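Results of the structural survey
Letter by letter, the chains look like this.
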Amino acid sequence: MTDATLLEQIGERSAEALAQLYDRFGRPAYSLARRICVDESLAEDVVQEAFLVVWRDPGRFDPDRGAVSSWLLTLVHHRAVDAVRREATRRKRTVPPSSDGEEWNVPPGPGADQAALGAVVAGKVRDALGQLPADQREALALAYFGGYTQREVASLVGIPLGTVKSRMFAGTQKLRALLGPHVEVDEEGR
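Bear in mind that the values here come from a model prediction, so they are computed numbers and not experimental data. (Residues numbered from 1 in each chain as written. Predicted model: local features only at pLDDT ≥ 70, side-chain atom pairs only at ≥ 80, totals over all residues. Heavy atoms only, no water.)

**Regarding the overall build of the chain**
When helices and strands are tallied, the chain shows eight helices and zero strands. Residue burial in the chain is summarised as follows: out of 190 residues, 32% are buried. In the chain, once contacts between residues fewer than 6 apart in sequence are set aside, the share between residues at least 24 apart is 60%. Per element, the accessible surface of the chain, about 12200 Å² overall, is 53% carbon and sulfur. (Helix = DSSP H or I, 4+ residues; strand = E, 2+ residues; numbered from the N terminus. Buried < 20%, exposed > 50% of the residue type's maximum accessible area, 1.4 Å probe, protein only. Contact = heavy atoms within 4.5 Å. Areas by Shrake-Rupley, 256 points an atom, 1.4 Å probe, with all protein chains shown as cover.)

**Thoughts on the packing of aromatic side chains**
This structure, assessed with the given rule, holds two aromatic pairs. Ring geometry for tyrosine 22 against phenylalanine 51: centres 5.0 Å apart, planes inclined by 65°, an arrangement best described as edge-to-face. Of this pair, tyrosine 22 sits in helix 2 (residues 15-37) while phenylalanine 51 sits in helix 3 (residues 40-56), and the two are 29 residues apart along the sequence. Among the residues examined, phenylalanine 51 registers a relative accessible area of 7% and is labelled buried. Across the ring face of tryptophan 55, the terminal group of arginine 13 is positioned such that the distance to the ring centre comes to 4.7 Å. (Phe/Tyr/Trp six-rings, centres within 6.5 Å; stacked < 30°, edge-to-face > 60°. Lys NZ or Arg CZ within 6 Å of the ring centre and 35° of its normal.)

**What about the nonpolar core?**
Core analysis: the biggest nonpolar cluster contains 43 residues, and Leu7, Leu21, Phe51 and Val54 have the highest contact counts within it. Among the secondary structure elements, those contributing two or more residues to this core are helix 1 (3-11), helix 2, helix 3, helix 4 (68-94), helix 5 (112-131), helix 6 (134-145), helix 7 (150-157) and helix 8 (161-179). (Core = buried A, V, L, I, M, F, W, Y, C linked by side-chain atoms within 4.5 Å.)

**Here's the deal with helix 6**
A rise of 1.5 Å per residue sets the reference length of helix 6, with its 12 residues, at 16 Å; its end C-alpha atoms lie 15 Å apart and thus fit the reference within 8%. Those residues of helix 6 not exposed but buried are Gln136, Arg137, Glu138, Ala139, Leu140, Ala141, Leu142 and Ala143. Positive backbone phi, at 75°, marks glycine 147, one or two positions downstream of helix 6. (Expected span 1.5 Å × (residues − 1).)

**As for the packing of helix 4 against helix 6**
Taken N-terminus to C-terminus, the directions of helix 4 and helix 6 make an angle of 35°; their axes are 9 Å apart at the nearest point. As for the relative orientation of helix 4 and helix 6, their crossing is left-handed in sense. Every residue of helix 6 that contacts helix 4 at Ser69, Ser70, Leu73 and His77 is listed here: Glu138, Ala141, Leu142 and Phe145. Residue composition of the contact of helix 4 with helix 6, grouped by class: four nonpolar, three polar and one charged. (Axes fitted to C-alpha atoms, helices over the stretch in contact; angles between N-to-C directions. Left-handed = near helix turned anticlockwise from the far one by under 90°. Nonpolar A, V, L, I, M, F, W, Y, C, P; charged D, E, K, R; others polar.)

**A few points about the pattern of salt bridges**
Side chains that differ in sign of charge can pair as their charged atoms come close. According to the stated counting rule, one finds six salt bridges in the structure shown. Glutamate 87 is the partner of arginine 90 in a salt bridge, and the nearest nitrogen-oxygen pair spans 2.5 Å. With arginine 90 and glutamate 87 both in helix 4, this residue pair falls three residues apart, about one helical turn. Of the residues examined, arginine 90 reaches a relative accessible area of 43% and is grouped as partly exposed. (Salt bridge = Lys/Arg side-chain N within 4 Å of Asp/Glu carboxyl O.)

**Quick notes on the side chain of serine 69**
By the element assignment, serine 69 lies in helix 4. Beyond its immediate stretch of four places on either side in the chain, serine 69 contacts Phe25, Glu138 and Leu142.

**Regarding the packing of helix 2 against helix 3**
Their axes nearest at 8 Å, the elements helix 2 and helix 3 cross at an angle of 140°. The pairing of helix 2 with helix 3 is recorded here as oblique in orientation. Viewed along their axes, helix 2 and helix 3 form a crossing whose handedness is right-handed. For the pair helix 2 and helix 3, contact is made by Ala15, Leu18, Leu21, Tyr22, Phe25, Gly26, Ala29, Tyr30, Ala33, Arg34 and Cys37 and by Glu40, Leu42, Ala43, Glu44, Val46, Val47, Phe51, Val54 and Trp55, respectively. When grouped by side-chain class, the residues that make up the contact of helix 2 with helix 3 number 16 nonpolar, one polar and three charged. (Parallel < 35°, antiparallel > 145°, perpendicular 65-115°, else oblique.)

Written as structure tokens, this is what we have:
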């Protein structure tokens, strides 16, 4: 049964379809959330939230924008980043004052200018990814956002390993060409 078919059944309130989708993507979703959140319980919460979104509104999936796996892992990624931000804010508010009565100061981090530049670069990357063919975008998303190896991507998508490698190579070359004027690239091309 295809992932899209499972989403259709989830739209009809099939708990079995949701269980099958979780069996397919629960491990990679948790792996991605764990890498972002670091905290195991926070990562578990993120995965649960993402699958709740799938249960509540499977119609949010747009097949023209990529595969179900890419969409699901993007949901997990966004939820994980939000969870880390919430946790950082909560911790800032609950840090006790120092024993000498002085107020505790947070060491300076990246300024607003760095955050703004990061947002611009992220937007350029999203735009460039949107210009890739769907098969290349899917392979790159599964590998880089989903944390899958090339062999696992081949198995998930149902194509030969060599095809995955060539799609990823072609996709990264196109991204490099599209992003070259906007993003610094080191001598090794990263």
